[in-house]
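The chain contents come next:
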Amino acid sequence: MTSDLPELRASDADRERVAEVLREAVAEGRLDMEEFDERLGAAYSSRTQGELQHLVRDLPLTPGSAPTVLPAHATGGETVSWAGRVGVPATSKGAFAFWGGFRRWGQWSVARRFTAFAMWGGGEIDLREARFEDREVTIRCITIMGGIAVKVPQELTVQVTGIGIMGDFDDKATGQGTPGSPVVKVTGFALMGGVGVERKLRKSEKQRLKEERRKELG
């Protein structure tokens, strides 16, 4: 990330672009988890372009090694790089719960076709830190007298087409993401149960907002 104005105020999009560089770096082994957590926290609390530049000063920003971070004026403040997060071999192709539950979260990789089933039980599918086998994935959710919660990040493109039969299949997360984002199609049915698809902030983003509010209050 480069800027001729290091004291220029950073935007949320600037912070997210640096966060993507850091995620790519830890995935490649350039940073250990302790340093990654430290830098990521600093990225979300940074106020200027200069502070953000300092966090990636020793990381490569060339194609094939880490996502290129562009100045906000070049991208309209919206572009999020998905380099290193698409085309990753799937770590899970499905989930099953019967009188119990399941959870998929963290840096797992979603299969091109992922099927989740919950009967008299529940499950959670968290895509906020996930990788994807393909640029377009379909998540099929089937629940019978149970529930499945799907959590997606703000920048992801989401299409929800499932149906509820004496139940509810929530589609409020449907919408376009940032340019170049993967497309996640959530389909299936809920019979006397429910499937909820919601956009949620990452924990690091929540912490950043909390810290900003704390500073504003003095």
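Residues numbered from 1 in each chain as written. Predicted model: local features only at pLDDT ≥ 70, side-chain atom pairs only at ≥ 80, totals over all residues. Heavy atoms only, no water.

Caption draft 1: View of the nonpolar core. In this structure, Val110, Ile125, Leu127, Cys141, Ile148 and Val197 are the most contacted members of the largest nonpolar core, which totals 29 residues. Those elements that provide at least two residues to this core are strand 1 (92-98), strand 3 (109-119), strand 6 (136-144), strand 7 (147-152), strand 8 (157-160), strand 11 (183-191) and strand 12 (194-199). At 4 residues, the largest contribution of residues to this core is made by strand 3. Sequence-distant contacts of Cys141, defined by excluding residues within four places in its chain, comprise Ala116, Ile125, Ile148, Val150, Phe169, Val186, Thr187, Gly188, Phe189 and Val195. Counting residues in hydrophobic clusters, the runner-up holds 16 residues, among them Leu22, Val26, Leu31 and Tyr44. (Core = buried A, V, L, I, M, F, W, Y, C linked by side-chain atoms within 4.5 Å. Buried < 20%, exposed > 50% of the residue type's maximum accessible area, 1.4 Å probe, protein only. Helix = DSSP H or I, 4+ residues; strand = E, 2+ residues; numbered from the N terminus. Contact = heavy atoms within 4.5 Å.)

Caption draft 2: Spatial organisation of the pattern of salt bridges. Counted by the stated rule, this structure contains 15 salt bridges. With its nearest N and O atoms 2.9 Å apart, the salt bridge here joins Arg39 to Asp58. On the criterion of sequence distance, the pair formed by Arg39 in helix 2 (residues 33-45) and Asp58 in the loop between helix 3 (49-55) and helix 4 (72-75) is long-range, its members being 19 residues apart. Overall, Arg39 belongs to the buried group, its relative accessible area being 7%. Several salt bridges converge on common partners, so that one network encompasses Glu16, Glu20, Arg23, Arg85 and Glu129. (Salt bridge = Lys/Arg side-chain N within 4 Å of Asp/Glu carboxyl O.)

Caption draft 3: Spotlight on the pairing of strand 7. Alternating residues of strand 7 divide into Ile148, Val150 and Val152, all buried, and Gly147, Ala149 and Lys151, none buried. Examined bridge by bridge, strand 4 (residues 122-126) and strand 7 share 5 bridges and lie parallel to one another. For Glu124, the partnering residue across the bridge sits in strand 7 and is Ala149. Here strand 7 pairs with strand 12 via 6 bridges, running parallel. If you follow Val150 over to strand 12, its bridge partner there is Val197. (Pairing = 2+ DSSP bridges.)

Caption draft 4: Summary view of the layout of surface pockets. Of the pockets and cavities examined, the largest pocket occupies roughly 360 Å³. In terms of lining residues, the largest pocket is bounded by 16 residues, among which Trp105, Gly106, Glu129, Arg202 and Lys203 are the most central. Its residues assigned to classes, the lining of the largest pocket comprises 4 nonpolar, 4 polar and 8 charged. (1 Å grid on protein atoms, 1.4 Å probe; cavity = no way out; pocket = protein on both sides within 12 Å on 5 of 7 lines; lining within 4 Å. Points joined across faces, edges and corners; volume = space filled by probe spheres on them. Nonpolar A, V, L, I, M, F, W, Y, C, P; charged D, E, K, R; others polar.)

Caption draft 5: How the structure looks around the packing of helix 1 (residues 12-27) against helix 2. Their axes nearest at 9 Å, the elements helix 1 and helix 2 cross at an angle of 175°. If you check the angle between helix 1 and helix 2, you find them roughly antiparallel. Contacts between helix 1 and helix 2 involve Arg15, Glu16, Val18, Ala19, Leu22, Arg23 and Val26 from the first element and Met33, Phe36, Arg39, Leu40, Ala43 and Tyr44 from the second. Looking at the contact of helix 1 with helix 2 residue by residue, the classes come out as 9 nonpolar, no polar and 4 charged. (Axes fitted to C-alpha atoms, helices over the stretch in contact; angles between N-to-C directions. Parallel < 35°, antiparallel > 145°, perpendicular 65-115°, else oblique.)

Caption draft 6: Inspection of the confidence of the model for the protein at higher detail. Confidence in the prediction for the protein averages 82 pLDDT; 86% of positions are at 70 or higher. Within the model, the stretch residues 1-5 combines pLDDT values under 50 with 13 contacts to residues more than four positions away or in other chains. Note on residues 62-79: pLDDT under 50 across the span, and 37 contacts to partners over four residues away in sequence or across chains. (pLDDT = per-residue confidence, 0-100.)

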